Amino acid sequence: MARTRRVQSAHISPQQFKDLHKSLLDIMAVMNRPERDAYMVRAASISLDRALFPLLVGVERVGPIGLVDLAERAGRDYTTVSRQVSKLEALGLVKREENSVDRRVRKVAITPQGKAMTNRVDAARERMGRAIFDSWEPQDVEALIRLMRKFADALNG
């Protein structure tokens, strides 16, 4: 029978794990604040209910996406997200489409009107981000982006 050696990683200490976790909690706290979404809606000069904002952005970023997956990503109940997606659909910002893999599951996709709205959000987000990163060295920004993607990919396994 093969034996495996348990080797403690020398790459990250227990304190570094705690520091990383605290940083992630701080970032999530900022990103999940309702007033943050309201501010972003105002900064983008769009007219959209604050509760619909993260769903619209989520559909644009990762869509077409199933309602269950969208609800899980948003940390909301499926039935709530279904009602909110219906509102987005009534506004012409998203559309439901057939899923070629599983006909029981309909996916939500962005419409051209929804994409135009998220483009305005992206422009506002870029203005806000530039204010944060203006004092950073370009290589630090590049490293952050590369390492955040690497970390996100590892979390998604």
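Presented here is an overview of the structure given in this document. Here, residues in each chain are numbered from 1, in the same order as that chain's written sequence. pLDDT decides what is reported in this predicted model: residues at 70 or higher carry local features, side-chain atom pairs at 80 or more are listed and counted, and totals for whole chains, interfaces and linings draw on all residues regardless. Working from all heavy atoms in the structure, the side-chain values ignore hydrogens and water.

### Some thoughts on the overall build of the chain
Stated formally: Helix numbers and strand numbers start at the N terminus; a helix is a DSSP run of H or I with at least 4 residues, a strand a run of E with at least 2. The size measure is the radius of gyration over C-alpha atoms, and the globule rule it meets is 2.2 Å times the number of residues to the 0.38 power. Note on classification: 1.4 Å probe, protein chains only; a residue is buried when its accessible area is under 20% of the maximum for its type, exposed when over 50%, partly exposed between these limits. Note on areas: Shrake-Rupley with a 1.4 Å probe; residue coverage comes only from the protein chains shown.
Assigned secondary structure in the chain consists of seven helices and three strands. Sequence-ordered secondary structure for the chain, helices as α and strands as β, is α-α-α-β-α-α-β-β-α-α. Whereas a compact globule of 157 residues would reach a radius of gyration of roughly 15 Å, the chain reaches 19 Å, over 25% beyond that. Considering only C-alpha atoms, the chain reaches an extent of 55 × 50 × 25 Å along its principal axes. Looking at the chain as a whole, 25% of its 157 residues qualify as buried. Accessible surface computed for the chain: about 11700 Å², of which carbon and sulfur atoms make up 55%.

### Quick word on the pairing of strand β3 (residues 107-110)
For a regular strand, side chains alternate in direction, first toward one face of the sheet and then toward the other. Here is the rule we go by: One bridge is not enough; two strands pair if DSSP finds at least two bridges between them.
As judged from the two bridges shared by strand β1 (residues 65-66) and β3, these two strands associate in the antiparallel manner. Following the sheet pairing, G66 is matched in β3 by K107. In this sheet, β3 lies alongside strand β2 (residues 94-97) in antiparallel orientation, the contact comprising four bridges. Considered in β3, the bridge of R96 is made with V108.

### Let's talk about helix α5 (residues 78-90)
Just so we agree on the cut-off: One less than the number of residues in a helix, times 1.5 Å, gives the span that helix is expected to have. Only heavy atoms matter for contacts: two residues are in contact if any of them lie within 4.5 Å across the pair.
Helix length check: α5 (13 residues) gives 18 Å between terminal C-alpha atoms against 18 Å at 1.5 Å per residue, within 8%. Burial in α5 covers these residues: V81, S82, Q84, V85 and L88. Those residues of α5 that are buried are in contact with α3 (53-62), α4 (67-74), β2 and β3. Trailing α5 by a residue or two, G92 shows a phi angle of about 80 degrees, which is positive.

### A look at the nonpolar core
This is how the line gets drawn: Nonpolar cores are built from buried Ala, Val, Leu, Ile, Met, Phe, Trp, Tyr and Cys residues. Side-chain atoms within 4.5 Å join them into one set.
In this structure, L48 and L88 are the most contacted members of the largest nonpolar core, which totals 25 residues. Mapped onto this core, the elements with two or more residues apiece are α2 (34-43), α3, α4, α5 and α6 (112-133). Discounting residues that sit within four places of it in the chain, L88 has contacts with L48, L52, L55, L56, L93 and V94.

### What to know about the packing of aromatic side chains
Note the threshold: Planes of paired rings set the category: under 30 degrees apart is stacked, over 60 is edge-to-face and the rest tilted, where pairs are Phe, Tyr or Trp rings (Trp by its six-membered ring) whose centres lie within 6.5 Å.
Taken as a whole and judged by the stated rule, the model has one aromatic pair. Ring plane angle 90 degrees and centroid distance 4.8 Å describe the contact between F133 and W136, whose orientation is recorded as edge-to-face. You can call W136 partly exposed: its relative accessible area is 36%.

### A look at unusual backbone geometry
Trans peptide bonds make up the majority, and among non-glycine residues the majority have a negative phi. Geometrically, the link from G63 to P64 is a cis peptide bond, its omega value of -5 degrees lying close to zero. With respect to the helices and strands, the residue P64 is situated in the loop between α3 and β1. You will see that S45, though not glycine, has its phi angle at about 55 degrees, which is positive. As for its placement among the helices and strands, S45 is situated in the loop between α2 and α3.

### Some words on a nonpolar patch on the surface
To keep things clear, this is the line we draw: Residues form patches when they are more than 30% accessible in relative terms and have no salt bridge. Like charges link within 9 Å. Nonpolar side chains (Val, Leu, Ile, Met, Phe, Trp, Tyr) link within 5 Å. Whenever a carboxyl oxygen of Asp or Glu lies within 4 Å of a side-chain nitrogen of Lys or Arg, that contact is scored as a salt bridge.
Taken together, the side chains of I132, F133, W136, L144 and M148 define a hydrophobic patch exposed on the protein surface, amounting to about 420 Å² of accessible area. Of all the elements in the fold, those that place two or more residues in the nonpolar patch are α6 and α7 (138-155). Here L144 is to be found in helix α7. Judged by relative accessible area, L144 falls into the partly exposed class, the value being 31%.

### Re the environment of R50
Assignment of secondary structure puts R50 in the loop between α2 and α3. Under the relative-accessibility criterion, R50 is labelled partly exposed at 38%. When the C-alpha atoms of R50 and R36 are compared, they prove to be 9.3 Å apart, with 14 residues separating the residues in sequence. Dropping the residues within four chain positions of it, R50 is found in contact with P34, D37 and A38.

### A closer look at the side chain of T111
Here T111 shows up in the loop between β3 and α6. Residue T111 is classed as buried on the basis of its relative accessible area of 11%. Contacts of T111, omitting those with residues within four sequence positions, involve G92, L93, V94 and K95.

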